[in-house]
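One letter stands for each residue in the lines below.
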Amino acid sequence: MPEICPKCGLLKDICACDVLEKEESQRIKVYSTKKRFGKLVTIVEGLEKDVLDKTAKELKHKLACGGTAKDGSIVLQGDHKDKIKSLLVSMGYSEHSITVR
Ligand SMILES: [Zn+2]
């Protein structure tokens, strides 16, 4: 018996709900904030845990800045908001999943 998707009523084979859900669930947020002593840092949130370290390393390298990856987010020294989106896109992230505040 063919499986029917409960969401859209289409056969599981042709339904795209899983794919949409995955794209939807990956929302990357980029913003900068002031840390102690008034230093600016840029935060990248919403990346998957297994790529967090790798992405942090690459961003640090490309932006030539210091930073850390922990608790599901990347903290980069300095304000790099305007550059991070295009860097993430060049790493293969969808432009639409990235929100810069
Ligand atoms: Zn469906």
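Residues numbered from 1 in each chain as written. Predicted model: local features only at pLDDT ≥ 70, side-chain atom pairs only at ≥ 80, totals over all residues.

What to know about the overall build of the protein chain
Part 1 of the argument: Counting its secondary structure elements, the protein chain contains 3 helices and 5 strands.
Part 2 of the argument: The secondary structure elements of the protein chain, listed N-terminal to C-terminal, are α-β-β-α-β-β-α-β.
Part 3 of the argument: A compact globule built from 101 residues would reach a C-alpha radius of gyration of about 13 Å, whereas the protein chain, at 17 Å, exceeds it by more than 25%.
Part 4 of the argument: For the protein chain, with 101 residues in total, the buried portion stands at 13%. (Helix = DSSP H or I, 4+ residues; strand = E, 2+ residues; numbered from the N terminus. Rg over C-alpha atoms; globule rule 2.2 N^0.38 Å. Buried ≥ 20, exposed ≤ 12 C-beta atoms within 10 Å, placed from the backbone.)

So, the nonpolar core
Note that soluble globular proteins tend to have their nonpolar side chains buried in a common cluster.
Part 1 of the argument: In terms of nonpolar packing, the biggest core is built from 11 residues, these being Val30, Val41, Val44, Leu47, Ala56, Leu59, Ala69, Ile74, Leu76, Ile84 and Leu88.
Part 2 of the argument: Listed by contribution, the elements that provide at least two residues to this core are β2 (40-45), α2 (49-63), β4 (73-77) and α3 (81-90). (Core = buried A, V, L, I, M, F, W, Y, C linked by C-beta atoms within 7 Å.)

A word on the sheet that holds strand β3 (residues 67-70)
Part 1 of the argument: Strand order in the open sheet formed by 5 strands is β3-β4-β2-β1-β5, with mixed pairing between adjacent strands. Looking at strand neighbours, the two that pair on one side only are β3 and β5 (98-100), the edges of this open sheet. Direction aside, neighbouring strands of the sheet carry axes that sit 20 degrees apart on average.
Part 2 of the argument: Bridge count for strand β1 (residues 28-34) against β2 is 6 bridges, and the pairing is antiparallel. The partner of Tyr31 across the bridge, within β2, is Ile43.
Part 3 of the argument: Along the sheet face, α2 touches β3 and β4 and points at about 15 degrees away from the line of β4. (Pairing = 2+ DSSP bridges. Axes fitted to C-alpha atoms, helices over the stretch in contact; angles between N-to-C directions. Contact = placed C-beta atoms within 7 Å.)

Side note on α2
Part 1 of the argument: Between its terminal C-alpha atoms α2 stretches 21 Å, which fits the 21 Å expected from 15 residues at 1.5 Å a residue.
Part 2 of the argument: Downstream of α2 by a residue or two, Ala64 has a phi angle that is positive, lying close to 50 degrees. (Expected span 1.5 Å × (residues − 1).)

Observations concerning the environment of Leu76
Part 1 of the argument: Here Leu76 shows up in strand β4.
Part 2 of the argument: Placed 74 residues apart in sequence, Leu76 and Pro2 show a C-alpha to C-alpha distance of 49 Å.
Part 3 of the argument: If sequence neighbours within four positions are ignored, Leu76 has contacts with Val41, Thr42, Leu59, Lys60, Leu63, Cys65 and Gly67.

Digging into the pairing of β2
Part 1 of the argument: Where β1 folds back onto β2 in an antiparallel hairpin, the turn is made up of 5 residues, including Phe37, whose phi is positive at roughly 65 degrees.
Part 2 of the argument: Where β2 lies against β4, 5 bridges are found, and the strand directions are antiparallel. When the sheet's bridge partners are listed, Ile43 is paired in β4 with Val75.

Read these as geometric descriptors, not functional statements.
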